[in-house]
Amino acid sequence: MNIPANLKYTKDHEWVSIDGDIATVGITDFAQKELGDIVYVEVETLDQTLAKDEVFGTVEAVKTVSDLFLPMTGEIIEFNDALESDPESVNSDPYGAGWMVKVKVADMIELDSLLSSDAYKELIGA
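Residues numbered from 1 in each chain as written. Predicted model: local features only at pLDDT ≥ 70, side-chain atom pairs only at ≥ 80, totals over all residues. Heavy atoms only, no water.

Is there a simple way to think about the overall build of the protein in this case?
Along the protein, the regular secondary structure elements total 4 helices and 9 strands. Scanning the protein from its N terminus toward the C terminus, one meets helices and strands in the order β-β-β-α-β-β-β-β-β-α-α-β-α. By its C-alpha atoms, the protein is 35 × 35 × 20 Å across when sized along the principal axes. Looking at the 126 residues of the protein, the share that counts as buried comes to 45%. Long-range contacts, defined as pairs at least 24 residues apart, comprise 60% of the intrachain contacts of the protein with a sequence gap of at least 6. (Helix = DSSP H or I, 4+ residues; strand = E, 2+ residues; numbered from the N terminus. Buried < 20%, exposed > 50% of the residue type's maximum accessible area, 1.4 Å probe, protein only. Contact = heavy atoms within 4.5 Å.)

Take a look at the structure:
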């Protein structure tokens, strides 16, 4: 299972990459395997400011739909439009082409509550 050490993680199986005050968010390799074949990613919160743990979208697999929770308070500034025509990239490249949103982080202190790769491995029993 792929759990890059340079990323932060949530208990809801999202990953976060930080560049200055911009966070890129997607779902983990573990999450995409649990969901199965991803057929649709919906994010209708573009240009909205949401609180930590609010639902920013949904990911739909063949057998289930799961909410996506924002790991930190911030404004959704970009959606990965490529997912509209190629949602399968969440399965094939969850930490690259399968990213979901970019967020302008409102409070960098909230990032301290995210899990390290080792803590995330422990959470999922990897």
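This is not the end of the story, as more comes after the structure.
Teacher, can you tell me more about the sheet that holds strand 9 (residues 101-105) here?
Sheet strands pair via backbone hydrogen bonds, and the direction of the pair is either parallel or antiparallel. Overall, antiparallel pairing links the 6 strands, which are arranged 1-2-3-9-8-5 in an open sheet. Since the sheet does not close on itself, it has two edges, and those belong to strand 1 (8-9) and strand 5 (49-50), each with one partner. For strand 2 (residues 14-19) and strand 3 (residues 22-27), the ladder comprises 6 bridges, and the chain directions are antiparallel. Across the sheet, residue tryptophan 15 finds its bridge partner in strand 3, namely glycine 26. (Pairing = 2+ DSSP bridges.)

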